[in-house]
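Examining the three-dimensional arrangement
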Amino acid sequence: MYRLVCVHCAATYAPDQIIYTCNRCGHLLAVEYDLDDIEVFRGEWDRRPLSVWRYREILPVRGEPISLQEGGTPLYHLKEIGRELGLPELYAKHEGMNPTGSFKDRGMTVGVSMACQLGMTSVACASTGNTSASLAAYAARGGIPCVVLLPAGKVALGKVAQALMHGARVISIRGNFDRALEMVHELCISHGLYLLNSVNPYRLEGQKTIGFEAVDQLGDVPDRFVLPVGNAGNISAVYKGLRELEALGLIDRLPMMTGIQAAGSQPVVKAIEENLNVLIPEPEPETVATAIRIGAPVNAEKALVAIRATGGTAAAVTDDEILCMQRDLARMEGIGVEPASAASVAGIRKLAEEGSIDRDERIVCVVTGHLLKDPETVVRQCEPPLEIDADLHSLLSALRL
Ligand SMILES: *Cc1c(COP(=O)(O)O)cnc(C)c1O
Ligand SMILES: [Zn+2]
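Here is a short report on the structure shown in this document. None of these values were measured; they are calculated from a predicted model. (Residues numbered from 1 in each chain as written. Chains lettered and ligands numbered in written order. Predicted model: local features only at pLDDT ≥ 70, side-chain atom pairs only at ≥ 80, totals over all residues. Heavy atoms only, no water.)

**Let's talk about the state of the cysteines**
As a reminder, the rule being used: By disulfide we mean two sulfur atoms from cysteines, separated by a distance within 2.5 Å. Throughout, exposure labels follow a simple rule: accessible area from a 1.4 Å probe, protein chains only, divided by the maximum for the residue type, with under 20% read as buried, over 50% as exposed, and the rest as partly exposed.
A full pass over the atoms with the stated rule returns 0 disulfides. Of the cysteine sulfurs around Cys365, a residue in no disulfide, the closest is that of Cys324, at 15 Å. For Cys365, a relative accessible area of 0% gives the class buried. With no disulfide of its own, Cys382 lies closest to Cys324 among cysteine sulfurs, the gap being 13 Å. Taking relative accessible area as the criterion, Cys382 reaches 33% and is therefore assigned partly exposed.

See the structure below:
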């Protein structure tokens, strides 16, 4: 059994109500389970494959989900970068290894399954790219039409390609992500489409499983959990999930939740540094990490709680620091991620260099999306291939052999 509860005033709503914000106070809603009634057999989870659906007792979907086999992503030990930073227990959970190449798939398998369970016949989102790629694929899988709104000119090529190929109706608006989200929210309310941005409480239920998997893969709770922060849904979701494991008696402490933003788009970092409870939106967010180019994160209130309640922190990294870490992950560790994803590890590099991290800490950085999502930013950073005549002599001289 579960219900929707306002994160601000605790008003409750029936789980089958199509509602994204509290009627009383306008804040977001979260799914609340009767954890006492849930018989979770830890041993049974261990027998299931590592995936979002291993944890189905604490997910809202009843019956067969619409799935592309999401989750079960690798947790890599960052040996070389860890050595450089003096952090022997540094790990990256590679969410780029999901079906459409980002963690959004965890949210969409649950979100689109719920759309169908609730009898909705079409879905929509605003997106910096990955949400639209994922929703388009899951809507195709579920056989329902899908509308996506993108900020014109600010979405990485791979992501647009996915949304188009999976058959979404793709609309580019002359405005930023924050405006696209306002517009799609209005469209969904007025025309009955099901909204699958991270204001949707069910989508975040799927995303919380990143934390569950990391705990299962490490065999323990990490000391610190580091995520890039855009709309702040993911960091809030992971925190919520770990609180549930704690309430179920499956873990006995929480990691320090740590959010990393880009310097040109850092309202959450500012709120933490200045100890504000309400965010001051960044009117013109700008960063090469387009997935976190968000000036007014809708889940910020929850993220601030997650960071403060666990003794975590928030930090900002420059575009240069992000791109440098993207190259280091690729070349030192063999891990290919998109710029926003490198922000989490770049943030740890920065915090470690400042001396804010204990060397014994066991740290899990979520790297959120795949290298191939944004090929243009990759090509801009690398030398183009050397073109030569098709003979061995030219090859040897090109290789300087
Ligand atoms: C969506 C996304 C983020 C930001 O996640 P939020 O939940 O919006 O904070 C970060 N990185 C990538 C690759 C994403 O697709
Ligand atoms: Zn409320």
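**Quick word on the coordination of the zinc ion (ligand 2)**
Under the convention used in this document: Here the coordinating atoms are restricted to nitrogen, oxygen and sulfur within 2.8 Å of the metal centre, or 3.2 Å for Na, K and Ca, and because water is not among them the sites may look incomplete. Here the metal geometry follows the donor angles, with tetrahedral for four donors whose angles all fall between 85 and 135 degrees, square planar for four and octahedral for six when opposite donors are more than 155 degrees apart and every other angle is between 65 and 115, and irregular for all the rest. Comment: elements are numbered from the N terminus, with helices defined as DSSP H or I runs of at least four residues and strands as E runs of at least two.
Distances from the zinc ion (ligand 2) to its protein donors, Cys6 (SG), Cys9 (SG), Cys22 (SG) and Cys25 (SG), fall within 2.3 to 2.4 Å. For the zinc ion (ligand 2), the 4 donor atoms in the first shell make angles of 97 to 120° at the metal, a pattern classed as tetrahedral. Here the donor residues of the zinc ion (ligand 2) share one chain and are spaced in sequence as C-x2-C-x12-C-x2-C. Placement of the pair is Cys6 in strand E1 (residues 2–6) and Cys22 in the loop between strand E2 (12–13) and strand E3 (29–33), with a sequence separation of 16 residues. Here Cys6 falls in the buried class, since its relative accessible area comes to 3%.

**Section: the pairing of strand E8 (residues 169–173)**
Basically, it comes down to this: A pair of strands is labelled paired if DSSP reports no fewer than 2 bridges between them. By definition, the crossover connecting two strands over a helix is right-handed if that path, from the first strand to the second, turns clockwise as seen with the strands pointing away from the viewer.
Across 5 bridges, the pairing between strand E7 (residues 146–151) and E8 is parallel. Residue pairing for E8: Val148 is matched across the bridge by Val170. A crossover connection joins E7 to the parallel E8 through helix H5 (residues 157–165); in handedness this β-α-β unit is right-handed.

**With respect to the pairing of strand E12 (residues 313–317)**
With respect to burial, E12 is a largely interior element, 4 of its 5 residues being buried. Sheet topology note: the strand E11 (residues 256–262)/E12 ladder contains 5 bridges and is parallel. Within E12, the residue paired with Gly259 across the bridge is Ala314.

**Some words on the pattern of salt bridges**
Two side chains carrying opposite charge are able to pair once their charged atoms lie near each other. As a reminder of what qualifies: By salt bridge we mean one thing: a side-chain nitrogen of Lys or Arg within 4 Å of a carboxyl oxygen of Asp or Glu.
For the coordinates displayed, the defined rule picks out 25 salt bridges. Residue Arg293 is joined to Glu286 by a salt bridge in which the shortest nitrogen-to-oxygen separation is 3.1 Å. Relative accessible area serves as the criterion here: at 10%, Arg293 is assigned to the buried category. Several salt bridges share partner residues, and in doing so they unite Arg42, Asp46, Arg54 and Asp216 into one network.

**Points about a negative patch on the surface**
Keep this limit in mind: Nonpolar side chains (Val, Leu, Ile, Met, Phe, Trp, Tyr) within 5 Å and like charges within 9 Å form the patches, drawn only from residues with over 30% relative accessible area and no salt bridge. Per-residue accessibility takes into account occlusion by the displayed protein chains alone, with areas from the Shrake-Rupley method and a 1.4 Å probe. For the purpose of charge, His is not counted, nor are the chain termini; Lys and Arg are scored as positive and Asp and Glu as negative. By convention, the point assigned to a charge is CZ for Arg, NZ for Lys, CD for Glu and CG for Asp.
Together, Asp320, Glu321, Glu353 and Glu354 line one region of the surface with negative charge. Looking at where Asp320 falls in the secondary structure, it is placed in helix H12 (residues 319–333).

**Focus: a nonpolar patch on the surface**
Residues Leu386, Ile388, Leu392, Leu395, Leu396, Leu399 and Leu401 make up a contiguous nonpolar surface patch of about 720 Å² in total accessible area. Following the sequence through the fold, Leu401 ends up in the segment after helix H15 (392–398).

**Let's talk about the side chain of Lys159**
The line we're drawing: By definition in these notes, contact holds between two residues if any of their heavy atoms fall within 4.5 Å.
With respect to the secondary-structure elements, Lys159 resides in helix H5. In contact with Lys159, other than residues within four places in its own chain, are Thr128, Gly129, Asn130, Ala133, Thr290, Ala291, Glu338 and Lys373.

**Some details on the nonpolar core**
Under the convention used in this document: Residues belong to one nonpolar core when they are buried, are Ala, Val, Leu, Ile, Met, Phe, Trp, Tyr or Cys, and are joined through side-chain atoms within 4.5 Å.
Within the largest apolar cluster, 94 residues are counted, with the highest numbers of intra-cluster contacts made by Val123, Tyr194 and Phe225. Residue contacts for Val123: discarding those within four places in its chain leaves Ala115, Leu135, Ala139, Ile144, Pro145, Cys146, Val147, Leu193, Tyr194 and Leu196. Counting residues in hydrophobic clusters, the runner-up holds 31 residues, among them Val226, Leu351, Ile363 and Cys365.

**Considering the sheet that holds E12**
Quick reminder of the rule: Only the stretch in contact is used when fitting a helix axis, every axis being a line fitted to C-alpha atoms; angles between N-to-C directions are given from 0 to 180 degrees.
Read from one edge to the other, the open sheet built from 6 strands follows the order E4-E5-E13-E10-E11-E12, with strand pairing classed as mixed. This sheet does not close on itself; its edge strands, each paired only once, are strand E4 (75–77) and E12. Each strand axis lies, on average, 25° off the axis of its neighbour in the sheet, ignoring direction. Alignment of strand E10 (residues 224–228) against strand E13 (residues 363–367), held across 3 bridges, turns out to be parallel. Looking at the pairing, Arg224 lines up with Ile363 of E13. Helix H8 (residues 209–218) rests against E4, strand E5 (90–94), E10 and E13 of the sheet, and its axis sits at about 130° to E5.

**Side note on the packing of aromatic side chains**
Selection criterion: Pairing of aromatic rings covers Phe, Tyr and the six-membered ring of Trp, with a centre-to-centre limit of 6.5 Å; geometry is then stacked below 30 degrees between planes, edge-to-face above 60, and tilted otherwise.
Taken as a whole and judged by the stated rule, the model has 6 aromatic pairs. Taken together, a centroid distance of 5.8 Å and an interplanar angle of 55° make the contact between Tyr2 and Tyr33 tilted. Of this pair, Tyr2 sits in strand E1 while Tyr33 sits in strand E3, and the two are 31 residues apart along the sequence. The pair Tyr2 / Tyr33 is uniform in exposure class, with both members buried. Where Tyr20 meets Tyr194, the ring centres are 6.0 Å apart and the plane angle is 45°; that geometry is what we call tilted. A residue pair is termed long-range when its members are at least 10 positions apart, and Tyr20 in the loop between E2 and E3 and Tyr194 in strand E9 (residues 194–195) qualify at 174 residues. Overall, Tyr194 belongs to the buried group, its relative accessible area being 2%. An aromatic cluster of three or more residues is present, and its members are Tyr2, Tyr33 and Tyr202.

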